[in-house]
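In case you want the letters, here they are:
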Amino acid sequence: MDSVEHPKGRVIFLNGTSSSGKSSLSAELLRTFDELYFHLAVDGFNAMGARRSDLMTEDNLDLVLRRMRRGFHRSIAAMAEGGNNVVVDHVLSEPWRLADCLEVLAGLDVIFVGVHCPVAELRRREAARGDRTPGMAELQYGLVHVHGDYDLEVDTAAASTAECAAAIREFVARVPAGERAFDRLRARAGLSR
């Protein structure tokens with residue numbers, strides 16, 4: 001057993017709608033950071049599940065997805081607790097998802113980044129991708145940012161992926177220790193750190 005204590009890793013938590021550019025931004029961050037980061041994407045976890053209609057029915061789909069997302073949140077914490085830096089790619093379109101993350105990631109260095117993109121561009125990207133349910137991003141648009149508090153926000157339609165990644169890297173390089181968005185949101189929700 002490893003008896004050496006390792007420092008906890010940093011979590012850069014990207015939240016935005018489907019097709020907002022989180023995956024491209026994550027790839028650019030991993031490519032350009034001077035430290036090793038791992039990309040943890042909710043879509044990747046979702047893709048790990050069996051695609052059997054007899055096991056994922058309309059009756060149990062919400063429960064299956066909720067359990068998967070709870071596991072995803074805990075994997076973020078486990079990676080960071082193990083000393084790994086992670087870039088998280090998530091869609092916080094239901095209030096319980098943020099509440100669960102606030103609880104599970106307490107005590108970790110989380111930089112919360114809002115990834116924005118106008119609806120017209122989301123529609124265009126969604127259609128160009130061809131692997132998304134039409135209208136999904138627009139449906140999520142009014143839900144993912146309702147909590148209204150980030151450490152940093154980027155707009156992937158107004159700036160290139162490289163420019164957005166550079167803004168995040170600059171923020172990470174100069175961010176002072178102390179209160180962050182997750183801390184403020186946790187306090188508003190009455191959760192302890």
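A. Local environment of the overall build of the protein. Across its full length, the protein carries 8 helices and 5 strands. From first element to last, N terminus to C terminus, the protein shows the α and β order β-α-β-α-α-β-α-β-α-α-β-α-α. Total accessible area on the protein is roughly 10300 Å²; 53% of this is exposed by carbon and sulfur atoms.

B. Inspection of the packing of aromatic side chains at higher detail. Per the counting criterion, the structure on display carries 5 aromatic pairs. Between Phe13 and Phe182 the ring centres are 5.6 Å apart and the planes differ by 50°, which places this aromatic pair in the tilted class. You can see Phe13 sitting in strand 1 (residues 10–15) and its partner Phe182 sitting in helix 8 (residues 181–188), a full 169 residues away along the chain. Exposure remark for Phe182: the relative accessible area of 2% places this residue in the buried category. Judged by centre distance (4.9 Å) and plane angle (75°), the rings of Phe112 and Phe182 are edge-to-face. In this pair, Phe112 sits in strand 4 (residues 109–116) while Phe182 sits in helix 8, placing the two residues 70 residues apart along the sequence. Each member of the pair, Phe112 as well as Phe182, is classed as buried.

C. Representation of the pairing of strand 3 (residues 85–90). Counting buried residues in strand 3 gives 6 out of 6 residues, a clear majority hidden from the surface. Of the two faces of strand 3, the one lined by Asn85, Val87 and Asp89 and the one lined by Val86, Val88 and His90 are each fully buried. In terms of strand pairing, strand 1 meets strand 3 through 5 bridges, oriented parallel. Across the sheet, Val11 pairs through a bridge with Val86, a residue of strand 3. With 5 bridges connecting them, strand 2 (residues 37–41) and strand 3 associate as parallel partners. Paired with Ala41 across the two strands is Asp89, which belongs to strand 3.

What counts and what doesn't
Residues numbered from 1 in each chain as written. Predicted model: local features only at pLDDT ≥ 70, side-chain atom pairs only at ≥ 80, totals over all residues. Heavy atoms only, no water. Helix = DSSP H or I, 4+ residues; strand = E, 2+ residues; numbered from the N terminus. Areas by Shrake-Rupley, 256 points an atom, 1.4 Å probe, with all protein chains shown as cover. Phe/Tyr/Trp six-rings, centres within 6.5 Å; stacked < 30°, edge-to-face > 60°. Buried < 20%, exposed > 50% of the residue type's maximum accessible area, 1.4 Å probe, protein only. Pairing = 2+ DSSP bridges.

Everything listed here is a matter of geometry and, on its own, says nothing about what the molecule does.
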